[in-house]
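Now for the letters of each chain:
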Amino acid sequence: MAAVYDLKQRGQLTIFDSFDDLATDLAEYIAQLSEISVKERGCFTVALSGGSLISFLGKLYEAPYDKTVDWTKWYVLWADERAVSKSHPDSNYKLTKDNFLSKVPILNNHVYSINDNLTVEDAAMQYEFVIRQLVKARILNVSSINDCPKFDLILLSVGSNGSIASLFPHHPALEQSDDWITYITDASEPPPERITFTLPVINSASNVVVLATGEDKATAMHFAVDDSGEEFDASAVPACLVRPVDGKLVWFMDMLAASKLQLSG
Ligand SMILES: O=C(O)[C@H](O)[C@@H](O)[C@H](O)[C@H](O)COP(=O)(O)O
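First, a word on scope: everything that follows refers to the structure included in this document. Note that this is a predicted model, so its numbers are computed, not measured. (Residues numbered from 1 in each chain as written. Predicted model: local features only at pLDDT ≥ 70, side-chain atom pairs only at ≥ 80, totals over all residues. Heavy atoms only, no water.)

1. Digging into the overall build of the protein chain
In plain terms, the rule: Segments assigned H or I by DSSP are reported as helices when at least four residues long, segments assigned E as strands when at least two residues long, and all are numbered from the N terminus. In this setup the radius of gyration rests on C-alpha atoms only. A globule is expected at 2.2 Å times the number of residues raised to 0.38. The buried label applies to any residue whose accessible area, calculated with a 1.4 Å probe on protein chains only, is under 20% of its type's maximum; exposed applies above 50%, and partly exposed to all values in between. The contact criterion used throughout is that any non-hydrogen atoms of two residues lie within 4.5 Å. Calculation of accessible area relied on Shrake-Rupley with a 1.4 Å probe; when residues are assessed, cover is drawn exclusively from the protein chains displayed. His is not counted here, nor are the chain ends, while Lys and Arg score as positive and Asp and Glu score as negative. Note on charges: their place is set at NZ of Lys, CZ of Arg, CG of Asp or CD of Glu.
Helix and strand counts for the protein chain stand at 6 helices and 12 strands. A globule of 265 residues ought to have a C-alpha radius of gyration of about 18 Å, and the protein chain, at 17 Å, matches this closely. For the protein chain, the spread of C-alpha atoms along the principal axes amounts to about 45 × 45 × 40 Å. Split into buried and exposed, the 265 residues of the protein chain put 54% on the buried side. For the protein chain, contacts bridging at least 24 residues in sequence account for 73% of all contacts bridging at least 6. Split by element, the accessible area of the protein chain, about 11700 Å² in all, is 50% carbon and sulfur. Here the protein chain holds 21 positive side-chain charges and 36 negative ones, and the gap between their average locations is 7 Å.

2. So, the sheet that holds strand β10 (residues 194-197)
As a general point, the strands of a sheet are linked pairwise by backbone hydrogen bonds and lie either parallel or antiparallel. Put simply, the rule is: At least two bridges found by DSSP between two strands are what make those strands a pair. For helices, the fitted axis covers only the stretch in contact; all axes are lines through C-alpha atoms, and the angles between them, taken along N-to-C directions, range from 0 to 180 degrees.
What the 3 strands build is an open sheet, ordered β5-β10-β9; its pairing is antiparallel. Across the chains shown, the open sheet's two edge strands, defined by having one partner strand only, are β5 (80-82) and β9 (181-184). Averaged over all pairs of adjacent strands, the angle between their axes in this sheet comes to 20 degrees, without regard to strand direction. Sheet topology note: the β9/β10 ladder contains 4 bridges and is antiparallel. Bridging from a neighbouring strand, I184 pairs with R194 of β10. Sheet contacts for helix α4 (residues 120-136): β9 and β10; angle to β9, the most-contacted strand, approximately 165 degrees.

3. So, the packing of aromatic side chains
Rules: Here is the rule: rings of Phe, Tyr and Trp (six-membered ring for Trp) pair when centre to centre is within 6.5 Å. Planes less than 30 degrees apart are stacked, more than 60 are edge-to-face, and the remainder are tilted. A positively charged side chain is recorded as over a ring if its NZ (Lys) or CZ (Arg) lies within 6 Å of the ring centre. The angle to the ring normal must also be within 35 degrees.
Overall, the coordinates contain 10 aromatic pairs when judged by the stated rule. Relative to F197, the ring of F151 has its centre 5.1 Å away and its plane inclined at 40 degrees; by these criteria the two rings are tilted. Of this pair, F151 sits in the loop between β7 (149-150) and β8 (153-157) while F197 sits in strand β10, and the two are 46 residues apart along the sequence. For the residue pair F151 and F197, the accessibility class agrees, reading buried in each case. An aromatic cluster is present here, built from F44, W71, W74 and F100 joined pairwise through their rings. Lying across the ring of Y93, K86 places its NZ or CZ 5.4 Å from the centre. For R132, the ring lying beneath its charged end belongs to W180, and the centroid distance is 3.8 Å.

4. Notes on the site of the ligand
Inclusion rule: When we say a residue is near a molecule or strand, we mean one of its heavy atoms is within 4 Å of it. Two N or O atoms form a polar contact when they lie within 3.5 Å of each other; inside protein one atom must be a possible hydrogen donor and the other a possible acceptor, and for residues adjacent in sequence the pair counts only when both atoms belong to side chains. Under the scheme applied here, ten amino acids are nonpolar (Ala, Val, Leu, Ile, Met, Phe, Trp, Tyr, Cys and Pro), four are charged (Asp, Glu, Lys and Arg), and all others, including Gly, are polar.
Around the ligand lies a shell of 13 residues, among which S52, D80, S157, A165 and K217 are the nearest. In the environment of the ligand, an oxygen atom lies 2.9 Å from a nitrogen or oxygen atom belonging to the backbone of G50. With respect to the ligand, the backbone of A165 contributes an N or O atom lying 2.8 Å from an oxygen atom. Relative to its free-state accessible area of 410 Å², the ligand is covered by the protein chains to the extent of 84%. Of the residues contributing to the shell around the ligand, the split by class is 2 nonpolar, 7 polar and 4 charged.

5. Quick notes on the nonpolar core
Heads up, the rule is: In this description, a nonpolar core means a group of buried Ala, Val, Leu, Ile, Met, Phe, Trp, Tyr and Cys residues linked to one another through side-chain atoms lying within 4.5 Å.
W74 and F197 are the most contacted members of the largest nonpolar core, which totals 94 residues. Top element by residues in this core is helix α1 (residues 19-41). It accounts for 9 residues. F197 has contacts with A47, W78, A79, Y127, I131, F151, I154, L167, W180, I181 and I202, leaving out every residue within four places of it along the chain.

6. A closer look at the environment of Q262
Position of Q262 among the secondary structure elements: in the segment after β12 (248-254). Judged by relative accessible area, Q262 falls into the exposed class, the value being 59%. Spatially, the C-alpha atoms of Q262 and D227 are 9.0 Å apart, while their sequence positions differ by 35 residues. Ignoring anything within four residues of it in the chain, the contact list for Q262 reads H222 and D226.

7. What to know about the side chain of N203
Relative to the helices and strands, N203 is located in the loop between α5 (199-202) and β11 (207-212). Its relative accessible area of 9% is what places N203 among the buried residues. Reaching out from N203, the side chain makes a polar contact with the backbone nitrogen of R243 at a distance of 2.6 Å. Setting aside anything within four residues of it in sequence, one finds N203 in contact with L241, V242, R243, P244, V245 and D246.

Here you go:
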């Protein structure tokens, strides 16, 4: 069961009453975006987050998507990554590899993870270089509005403090607009060192999905989805700052994360 709400310029919201329903709809949504992108551009570029998001991708490697999705046309990057070894339990690459990439036939040379032998600063610069190469190769388009790379899909999962990717409340990284990839050394959630997409890159995507599940996300979702008024400092809840400039924003929530929303209709 799911309830769908048109949030106008804040996108579309679907509230699910079960993990299974959310995972099923999310898989169908991603498979549809993949089909459209492959048909239109010959490829599908997706940036993943870490956390519980990966557990919601399980339906994608089941029937019918295991056969119907053109996995060889997928290009996978990360919207944020911890500056740890790719074999470290905190690595988003490891989390994704173990629970998703190892189950679908995405080509290894289409998966772009950070260079874990570099400092976090150099890893951010190197990752931006990789993305610039994908733009040059026309795997990634650029936004006609701000020249940022235009991912076909960016999948975000909201932290209990309203963070998205590794953009944390009141962090100076939220102001970054010159770079596509920035780095932080003082994340409010361990580990402290991370690289992350900047907001302009997130907001340049053709499609952004924001996933929020669990009661600990309810307050952040209230500020992100309901009208918080002119006085509200959106940098307190980075999820409020997800506003695709010419793309589609879809919120996938469970009942707990949506429990403080003041939805009409
Ligand atoms: O590297 C990270 O820390 C993740 O990308 C981060 O953005 C995560 O997705 C959120 O903190 C939500 O995590 P949960 O979904 O597990 O609550």
